[in-house]
Amino acid sequence: VVDDAPQVQAIARQLQYLQPDVITFNEIPWDLRYEMTNFIAAFLPNYNLAISSGTDGSICSAIATRFPITRASKWLDGIDLRSFGYSNANNALDNFTRDLFEAQIAVPGFVRPLHVFTTHLKATSSGAEYADNALKRAAEAAAITNFFATNLFTFYPYDLYTISGDMNASDTNELCIQTLL
C-alpha cells in the first residue's frame, strides 16, 4: 500500500497540518491513480478529489479540495501542436503530451466558481524521444495560453482561476515560461 511509504506519510502530515483549501498533484503514475482515492480517504477524509483521465499513458494529475467540485475536465489531452508552431519528424510526437486538467470549485461565499488548472509540460532527459524539448514545451504553453484567451477569458471573464503544475522551467527551456506568461 502506497499510504505506508514514509515519504507519503510525511507529505500527508504536512497537508493535515496546513489544511490547504486546494491541492494540485502532478506525476501520479497512471496505473496507481486509484491510490489518490486511498490517500485522500486515509489522510484528508473531508476533501473532494478529481483525477484527470488525460495522460500520456505514464502519469496524470489530480486536484483535491475541501470545497465541492462542480465539474472536472481535461482540456488539451493529445491535441495537435502543429497549429502552435511545433512539428516533429515523428508525427506521433506532434501532440500535447499530457493534459491541462481543471476542477471547477464552489467556494463558499464566492459568487462565481473558482477554476483550478494543473498541467505538466512534457520533458525528457535523454533526447531520444525528441531533440527539441524546449520548443515542444513552448508549443504546449502556447496551447494553454490560447485555451485561456479563447475560452476561459471569453466565456467566463468574471470567474477566478489559478494554474499550477510542473512547467519544467530551467535555464534550458525558458521558452515555455515566457510563452505561458
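From a predicted model like this one, the values you see are computed outputs, not experimental measurements.

**Student:** So, empty space enclosed by the protein: which residues are in play, and what are the values?
**Tutor:** Within this structure, the stated rule accounts for 1 cavity of 30 Å³ or more. The computed volume of the largest cavity comes to approximately 50 Å³. Lining the largest cavity are Glu27, Ser52, Gly54, Ile59, Cys60, Ser61, Arg98, Asp99, Thr119 and His120. Counting residues per element, the ones that place at least two in the lining of the largest cavity are β3 (59-65) and β6 (114-120). Residues of the lining of the largest cavity, tallied by class, amount to 2 nonpolar, 5 polar and 3 charged.

**Student:** So, the environment of phenylalanine 153: which residues are in play, and what are the values?
**Tutor:** Mapped onto the elements, phenylalanine 153 comes out in helix α3 (residues 133-155). Among all residues touching phenylalanine 153, those that are not within four sequence positions of it are Phe148 and Tyr161.

**Student:** Any chance you could break down the confidence of the model for the protein chain for me, citing the residues and the numbers?
**Tutor:** Per-residue confidence for the protein chain averages 84 on the pLDDT scale, and 82% of its residues sit at or above 70. Mean pLDDT across the elements of the protein chain ranges from a minimum in helix α4 (residues 174-180), with 62, to a maximum in strand β2 (residues 48-51), with 97.

**Student:** Residue-level account of helix α1 (residues 6-18), with values.
**Tutor:** Structurally, the α-helix is built with 3.6 residues per turn, so residues lying three or four positions apart point the same way. An ideal rise of 1.5 Å per residue puts 18 Å on 13 residues; α1 measures up with 18 Å between its terminal C-alpha atoms. For α1, the set of buried residues is Val8, Ala12 and Leu15. Seen from one end, α1 has its buried residues packed into an arc of 65°, which puts them on one side. Along α1, the residues that are exposed and aim more than 90 degrees away from the buried face are Pro6, Gln7, Arg13, Gln14, Tyr17 and Leu18. Where α1 is buried, its residues touch β1 (22-29) and α2 (34-43).

**Student:** Before we move on, can you summarise the sheet that holds β2 with the specific residues and values?
**Tutor:** The strand order across the open sheet formed by 3 strands is β1-β3-β2, and the pairing between neighbours is antiparallel. Both edges of this open sheet fall to β1 and β2, since each of them pairs with a single strand only. When strand polarity is set aside, the average angle formed by the axes of neighbouring strands in this sheet is 20°. Contacts from α2 reach β1, β2 and β3 within the one sheet, and its direction differs from that of β2 by about 170°.

So, how was this worked out
- Residue positions are given per chain, counting from 1 as you read along its sequence in written order.
- Reporting in this predicted model follows two pLDDT cut-offs: at least 70 for local features of residues, and 80 or more for side-chain atom pairs to be given and counted; totals over whole chains, interfaces and linings ignore these cut-offs and use all residues.
- Here the side-chain values reflect all heavy atoms present in the structure, with hydrogen atoms and water set aside.
- Points on a 1 Å grid over protein atoms alone make up a cavity when a 1.4 Å probe fits among them but cannot get out, and a pocket when they form an open set with protein on both sides within 12 Å along at least five of seven lines; lining residues each have an atom within 4 Å of a point.
- Grid points are joined across faces, edges and corners, and a volume is the space filled by probe spheres set on the points.
- We count a stretch as a helix when DSSP gives it H or I for four or more residues in a row; a strand needs E for two or more, and each element gets its number in order from the N terminus.
- Polarity classes work like this: nonpolar for Ala, Val, Leu, Ile, Met, Phe, Trp, Tyr, Cys and Pro, charged for Asp, Glu, Lys and Arg, and polar for all others, with Gly in that last group.
- Any two residues whose heavy atoms approach within 4.5 Å are treated as being in contact.
- pLDDT runs from 0 to 100 and stands for how confident the predictor is about each residue.
- By definition here, a helix of n residues has an expected span of 1.5 Å times n minus one.
- Buried means the residue's accessible area, taken with a 1.4 Å probe over protein chains only, is under 20% of the maximum for its type, while exposed means over 50%, and partly exposed covers the values in between.
- Regarding the arc, it is the one traced by the directions from the helix axis to the C-beta atoms.
- In this scheme, strands are said to pair when DSSP sees at least two bridges between them.
- Helix axes are fitted to C-alpha atoms over the stretch in contact, other axes to C-alpha atoms as well, and angles between N-to-C directions run from 0 to 180 degrees.

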